[in-house]
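For reference, the chains in residue letters:
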Amino acid sequence: DDDDKNTKDEIQKWKLNLLHKDPPVFTVENFFTPRECERYKSLALEEEDRFAFGDGNEKKRDSAVKITSPTFAASSISKRTSTTWFCRYEMVPTLLAKVQRLLGDSGG
């Protein structure tokens, strides 16, 4: 089956890198195609544009949610922030399918 072959070819191109042991932090090279990367980046950029141009008064159900939070301890001298984007599952079907393949989860 062509779909099975494409999935196997895709997985063989992935390279898992351990960045940190505790807590475990990984990267997966070639996880998204360049086109998929642009698609997912655009989810956040579209949402930022809505707010920048005054069209962000109410949240759309299918919009990404931006969370900016401080990431420093009370005793820390340096102060920095972290930005995270949350997307609803129905917005990221390719991501979910690829994570299932990466983890070997058949969904059942």
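The shown structure was predicted, so the numbers you read here are calculated from the model rather than taken from an experiment.

Colleague: I'd like a description of the environment of Thr27, backed by residues and values.
Modeller: In this fold, Thr27 is placed in strand 2 (residues 25-29). Thr27 gets classed as partly exposed once you look at its relative accessible area, which sits at 30%. On a C-alpha basis, the gap between Thr27 and Lys15 in space is 8.0 Å, while along the polypeptide they are 12 residues apart. Thr27 has contacts with Lys15, Leu16, Asn17 and Leu19, leaving out every residue within four places of it along the chain.

Colleague: Residue-level account of the environment of Lys15, with values.
Modeller: For Lys15, the location among the structural elements is in strand 1 (residues 15-20). By relative accessible area, Lys15 is classed as partly exposed at 46%. Among residues more than four places away in sequence, those in contact with Lys15 are Thr27, Val28 and Glu29.

Reading the values: rules and limits
- Residues numbered from 1 in each chain as written.
- Predicted model: local features only at pLDDT ≥ 70, side-chain atom pairs only at ≥ 80, totals over all residues.
- Heavy atoms only, no water.
- Helix = DSSP H or I, 4+ residues; strand = E, 2+ residues; numbered from the N terminus.
- Buried < 20%, exposed > 50% of the residue type's maximum accessible area, 1.4 Å probe, protein only.
- Contact = heavy atoms within 4.5 Å.

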